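# Structure assessment
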Amino acid sequence: MNVTVIGTGYLGAVHAAGMAALGHNVLGVDADPAKIAVLARGEAPFFEPGLPELLRQTVSSGSLSFTTSLQEAAEFGDVHFVCVGTPQLEGSHSADVSFVDAVVTELASYVTRSCLIVGKSTVPVGTARRLAALARSITAAGVPVMLAWNPEFLREGFAVEDTLNPDRLVFGVSDDRSEQILRSVYAPILDKGTAVFCTDLETAELVKVAANSFLATKISFINAMAEVCEVVGADVVTLADAIGQDARIGRQFLNAGVGFGGGCLGKDIRAFRARGEELGVGEALEFLGSVESVNTRRRQRVLDLAANILDGDVAGRRIAILGASFKPNSDDVRDSPALHVARALHSRGAVVTVHDPAAIANARRAAPQLGYAGSITDAVQNADLVVHLTEWEEYQELDPGTLHSLVAAKNIIDARNALEPDDWNAAGWNFHALGRPIAP
Ligand code: NAD
């Protein structure tokens, strides 16, 4: 099948390579010519494990190519996946759907034959139905254009695996033909027995925001427990292990720490609340406000802890920040808790040096005022405090005994509860974590 993928960012680039790996002829489209030039060489424009190999293979075999022209895409595609961004609207909590609107409008004006437009971007419920009518009103008479919604659940850091072996597929459709086309596009995945949910457009849109709301709630739930643990000297990690043992609860996504960030969870729950207000069901989603407040307070907790450890004031003190991306195995710094904390410490006068295995270039663009180091040893040199903020594996493998000869003072905050407290305490460090008692 001839497939186009419009918007080749964190989602679309992986989806395009994945579609080509499934055996389709794929044309990736992006408005950013620099990104398209990198992709056309078979290279990944961002850090994602497994993506460079998949791109190299599919571009060199000729099954994947790239363009900046939507007109070319319209001529090429039987199926068009829309993967452009839906960021938070400036000055509001709502989603900015103008990029999705622009793509559907332009594409519909160019198509000259029957095709299926498939939205993958995360959108407020009701968007797909509106866009279906919009597309119909623009396409030339006699050109049947269908529209479906197929939300995406991939996790950055595992995006290739999640694209080729998803937990489930969701097809929001309004006619049988659209479902048939989606079933043949995804046939190699469905043949493996992957669960598929064929729904109306609204349910498909809601599955995505409901999933993200649940995940954010689970993280904030355990972080709320961490707040209580801090007051009474209890241990949130043991608490999570114990409640997570219950199969109805589950241990995943119960890691207390500095909270969630990234380009999705925060903006998606805010947009869901805003959409709920518009629909008159704002009260039902009020709890998402608490989810967000708990999350924000965790960042503040790290700042307070840093000040306490440094005798009340971080000004003039050297602080090493381990991690800049919002999660490990990604270079994405959108709404990164690590960068948020680093920026806030810098604005309070601390001398901040940030290390990250993959996200330094993006972090430097987003926060040029901070200091950066190419190695962990350079970052911690003469530090008064080390703050571990993104749980990259290489930080968990650090030897506290080796590191302590480099720092000015052996103070560390593990803001991800991913380091082994006993190892750090035994090496003489003043070890602090979130929601865990401090060793005597
Ligand atoms: P992104 O910002 O990395 O990528 C969006 C891309 O769209 C950019 O490359 C941009 O240049 C391009 N674009 C914008 N307007 C365009 C136009 N008119 N024509 C062609 N290209 C255009 O964003 P992302 O993280 O890939 O997210 C995209 C969507 O997928 C969002 O709705 C997001 O919520 C959703 N999503 C993201 C993830 C994730 O892990 N990143 C997971 C699931 C769903």
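Because the structure is a prediction, the values reported are computed rather than measured.

## Considerations on unusual backbone geometry
Phi angles above zero are rare outside glycine, and Asp 335 is one such case at about 45°. Here Asp 335 is to be found in the loop between strand E9 (318-322) and helix H14 (337-347). Judged by C-beta crowding, with 17 C-beta atoms within 10 Å, Asp 335 ranks as partly exposed. Of note in the backbone geometry, Asn 382 takes a positive phi value of approximately 60° without being a glycine. With respect to the helices and strands, the residue Asn 382 is situated in the loop between helix H16 (376-380) and strand E12 (385-388).

## Structural notes on the nonpolar core
Ile 319 and Val 387 are the most contacted members of the largest nonpolar core, which has 134 residues in total. Among the elements that take part in this core, helix H10 (residues 201-232) stands out by supplying 10 residues, more than any other. For this core, the domains that each give at least three residues are domain 1 (2-199) and domain 2 (202-440). Not counting chain neighbours up to four residues away, the residues in contact with Val 387 comprise Val 302, Ala 306, Ile 319, Ile 321, Leu 322, Val 341, Ile 413 and Ala 415.

## As for the UniProt feature "binding site: NAD(+)" (unreviewed entry) in the chain
When the UniProt feature table is mapped onto this chain, "binding site: NAD(+)" (unreviewed entry) is found at Asp 30, Lys 35, Thr 86, Thr 122, Glu 156, Lys 267 and Arg 334. A maximum C-alpha distance of 23.9 Å is found for the annotated residues, which run over 305 residues; spatially they are spread out rather than grouped. The topology assignment puts Lys 35 in helix H2 (residues 33-40). Beyond its immediate sequence surroundings of up to four residues, Lys 35 is in contact with Thr 8, Asp 30 and Pro 45. One can find Thr 122 in the loop between strand E5 (115-119) and helix H6 (127-138). Aside from chain neighbours lying at most four places away, what touches Thr 122 is Thr 86, Pro 151, Lys 208, Val 209, Cys 264 and Asp 268.

## Looking at the site of the ligand
Near the ligand, the surroundings consist of 26 residues, among which Gly 7, Gly 9, Leu 11, Ser 121 and Thr 122 are the closest. The leading source of residues in the shell around the ligand is helix H5 (residues 98-110), at three residues. Looking at the shell around the ligand residue by residue, the classes come out as 12 nonpolar, nine polar and five charged.

## A short note on the pairing of strand E6 (residues 145-149)
A large share of E6 lies buried, amounting to four of its five residues. Where E5 and E6 come together, five bridges link them in parallel fashion. Looking across to E6, one finds that Cys 115 is bridged to Val 145.

## Some thoughts on the pairing of E9
Within E9, five of the five residues are buried, which leaves the element mostly enclosed by the surrounding structure. Going residue by residue along E9, you find Arg 318, Ala 320 and Leu 322 tucked away on one face and Ile 319 and Ile 321 tucked away on the opposite face as well. With H14 bridging E9 and the parallel strand E10 (residues 351-355), this β-α-β connection has right-handed handedness. Judged from the four bridges that link them, E9 and E12 form a sheet pairing that is parallel. If you follow Ala 320 over to E12, its bridge partner there is Val 386.

## Overview of H10
For H10, built from 32 residues, the straight-helix expectation of 46 Å at 1.5 Å per residue is met to within 8% by its first-to-last C-alpha distance of 47 Å. Backbone geometry just after H10 places Gly 233 at a positive phi near 75°.

## Quick look at the sheet that holds E10
Here six strands make up an open sheet; going across it, the order is E11-E10-E9-E12-E13-E14 and the pairing parallel. Strands with a single pairing partner mark the edges of an open sheet, and in this sheet they are strand E11 (371-372) and strand E14 (430-433). One ladder, built from three bridges, connects E12 with strand E13 (residues 411-414); its direction is parallel. Its bridge partner lying in E13, His 388 is registered against Asp 414.

## Details of the domain arrangement of the chain
Quite often, the size of an interface is put as the accessible area lost when its parts meet. According to the domain assignment, the chain consists of domain 1 (2-199) and domain 2 (202-440). The centre of domain 1, based on its C-alpha atoms, is set 32 Å off from the matching centre of domain 2. Contacts between the two partners involve 26 residues from domain 1, matched on the other side by 24 residues from domain 2. If you list the elements that add at least two residues to the side of domain 1 that touches domain 2, you get H6 and strand E7 (168-172). The leading source of residues in the side of domain 1 that touches domain 2 is E7, at three residues. Its residues assigned to classes, the side of domain 1 that touches domain 2 comprises 15 nonpolar, 10 polar and one charged.

## Examining the UniProt feature "active site" (unreviewed entry) in the chain
As recorded in UniProt, the feature "active site" (unreviewed entry) lies at Cys 264. By secondary structure assignment, the location of Cys 264 is in the loop between helix H11 (236-244) and helix H12 (265-278). Not counting chain neighbours up to four residues away, the residues in contact with Cys 264 comprise Thr 122 and Asn 212.

## Brief notes about the packing of H10 against helix H13 (residues 287-309)
One way to put it is that H10 packs onto H13 with a least axis distance of 9 Å and a crossing angle of 50°. With respect to H13, the element H10 is oriented oblique. Note that H10 runs across H13; the crossing there is left-handed. Counted together, Ser 213, Ala 216, Thr 217, Ser 220, Asn 223 and Ala 224 of H10 and Leu 288, Val 291, Val 294, Asn 295 and Arg 298 of H13 form the full contact between these two elements. Along the lines of polarity and charge, the residues of the contact of H10 with H13 split into five nonpolar, five polar and one charged.

Thresholds applied
- Residues numbered from 1 in each chain as written.
- Predicted model: local features only at pLDDT ≥ 70, side-chain atom pairs only at ≥ 80, totals over all residues.
- Helix = DSSP H or I, 4+ residues; strand = E, 2+ residues; numbered from the N terminus.
- Buried ≥ 20, exposed ≤ 12 C-beta atoms within 10 Å, placed from the backbone.
- Core = buried A, V, L, I, M, F, W, Y, C linked by C-beta atoms within 7 Å.
- Domains from an automatic or database assignment.
- Contact = placed C-beta atoms within 7 Å.
- UniProt positions renumbered as here; feature names shortened; annotations may be inferred.
- Near = placed C-beta within 6 Å.
- Nonpolar A, V, L, I, M, F, W, Y, C, P; charged D, E, K, R; others polar.
- Pairing = 2+ DSSP bridges.
- Right-handed = clockwise from strand over helix to strand, strands pointing away.
- Expected span 1.5 Å × (residues − 1).
- Axes fitted to C-alpha atoms, helices over the stretch in contact; angles between N-to-C directions.
- Parallel < 35°, antiparallel > 145°, perpendicular 65-115°, else oblique.
- Left-handed = near helix turned anticlockwise from the far one by under 90°.

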